[in-house]
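# A closer look at the structure
Next come the chains, spelled out residue by residue.
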Amino acid sequence: MAVLVALAATLLAGGGAAAAAPVPGDVIVSDTIVAQAGPLYGGQLLTRCTIQVKASYSTEANPVAIRYSGTNRCSRSLYQGGQARLLTETRAIDDIAPAFRFALRQSGISQRLNEPVGRGLERIVQHHTTVFAPFGQIWKVVPEGCYGMNTPRLTCTLERPFLV
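Described in the following lines is the structure provided in the data block.

The rules behind these values
Residues numbered from 1 in each chain as written. Predicted model: local features only at pLDDT ≥ 70, side-chain atom pairs only at ≥ 80, totals over all residues. Heavy atoms only, no water. Disulfide = S-S within 2.5 Å. Helix = DSSP H or I, 4+ residues; strand = E, 2+ residues; numbered from the N terminus. Buried < 20%, exposed > 50% of the residue type's maximum accessible area, 1.4 Å probe, protein only. Phe/Tyr/Trp six-rings, centres within 6.5 Å; stacked < 30°, edge-to-face > 60°. Contact = heavy atoms within 4.5 Å. Pairing = 2+ DSSP bridges.

## A short note on the state of the cysteines
Under the counting rule described, the total for this entry stands at 2 disulfides. With a sulfur-sulfur separation of 2.1 Å, Cys49 is cross-linked through a disulfide to Cys74. Since a negative S-S torsion denotes a left-handed disulfide, the Cys49-Cys74 link at about 110° is right-handed. Of the two residues, Cys49 sits in strand S2 (residues 47–58) while Cys74 sits in strand S3 (residues 67–88), which places them 25 residues apart along the sequence. For Cys49, a relative accessible area of 0% translates into the label buried. Cys146 shares a disulfide with Cys156; S-S distance 2.1 Å. Between Cys146 and Cys156 the sulfur-sulfur dihedral comes to about 110°; the bridge is accordingly right-handed. Note that Cys146 is positioned in strand S8 (residues 146–147) and Cys156 in strand S9 (residues 153–163), a separation of 10 residues in sequence. You'll find Cys146 and Cys156 in the same group, each marked buried. Once the disulfide-bonded cysteines of the chain are ranked by sequence position, their pairing pattern turns out to be 1-2, 3-4.

Here it is in structure tokens:
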């Protein structure tokens with residue numbers, strides 16, 4: 001865990017070896033993956049979904065309020081739902097954003113601005129989502145953090161740790 005915290009601090013400080021003073025502005029951490037679905041037998045990939053987890057906060061505030069979200073954007077309307085969470089370094093739930101419920105939609109977002117936290121704390125932003133491929137298609141490109149290869153149901157959990 002200490003290595004992860006040190007790595008996150010180095011990345012957020014600009015990649016230098018020594019800890020740098022915070023730069024005014026917003027810090028943004030995110031991860032994005034892409035899944036693709038196509039016909040059950042052969043054929044081209046027809047449906048593409050981009051799934052993102054994101055957190056941002058101001059370097060100037062103390063205590064710090066963290067804006068976080070989980071977002072799905074698909075090339076067509078799909079039956080999907082999801083929810084973003086903010087976890088502590090011990091993986092306890094710190095905050096939960098409102099879910100986007102299962103419905104036919106092209107995009108969905110779960111977002112929230114949490115209560116302020118102190119500096120020097122590690123947080124993990126998480127987005128858990130399930131997306132169903134269109135009728136007659138299955139997921140053929142399934143990124144890390146997801147499961148559902150060769151099935152119509154894709155379930156993903158993206159997590160991104162960061163140091164406030």
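## Section: the packing of aromatic side chains
Inspection of the entire model under this criterion finds 4 aromatic pairs. Between Tyr79 and Phe102 the ring centres are 5.4 Å apart and the planes differ by 35°, which places this aromatic pair in the tilted class. Of this pair, Tyr79 sits in strand S3 while Phe102 sits in strand S5 (residues 100–113), and the two are 23 residues apart along the sequence. Taking 6.4 Å as the distance between ring centres and 65° as the angle between the ring planes, the aromatic pair formed by Phe102 and Phe132 counts as edge-to-face. Of this pair, Phe102 sits in strand S5 while Phe132 sits in strand S6 (residues 122–132), and the two are 30 residues apart along the sequence. The class of Phe132 is partly exposed, set by a relative accessible area of 25%.

## Considering unusual backbone geometry
With a phi angle near 70°, Arg91 is a residue other than glycine that sits in the positive phi range. The residue Arg91 is located in the loop between S3 and strand S4 (93–96) in this model. Positive phi values are uncommon outside glycine, yet Asn150 reaches one of about 65°. Overall, the relative accessible area of 52% leaves Asn150 in the exposed class.

## Thoughts on the side chain of Thr71
Secondary-structure assignment places Thr71 in strand S3. Not counting chain neighbours up to four residues away, the residues in contact with Thr71 comprise Thr50, Ile51, Gln52, Gly108, Ile109 and His127.

## Re the environment of Met149
Summarising the element assignment, Met149 is placed in the loop between S8 and S9. Between the alpha carbons of Met149 and Trp139 there is a distance of 5.4 Å; along the sequence they are 10 residues apart. With residues near it in sequence (within four places) discarded, Met149 still touches Trp139, Lys140 and Val142.

## Concerning the pairing of strand S1 (residues 26–39)
Relative to S2, S1 runs antiparallel, the two being bridged by 12 bridges. Looking across to S2, one finds that Val27 is bridged to Tyr57. Across 4 bridges, S1 lies against strand S7 (residues 137–141) in antiparallel orientation. Directly across from Gly38, in S7, lies its bridge partner Ile138.

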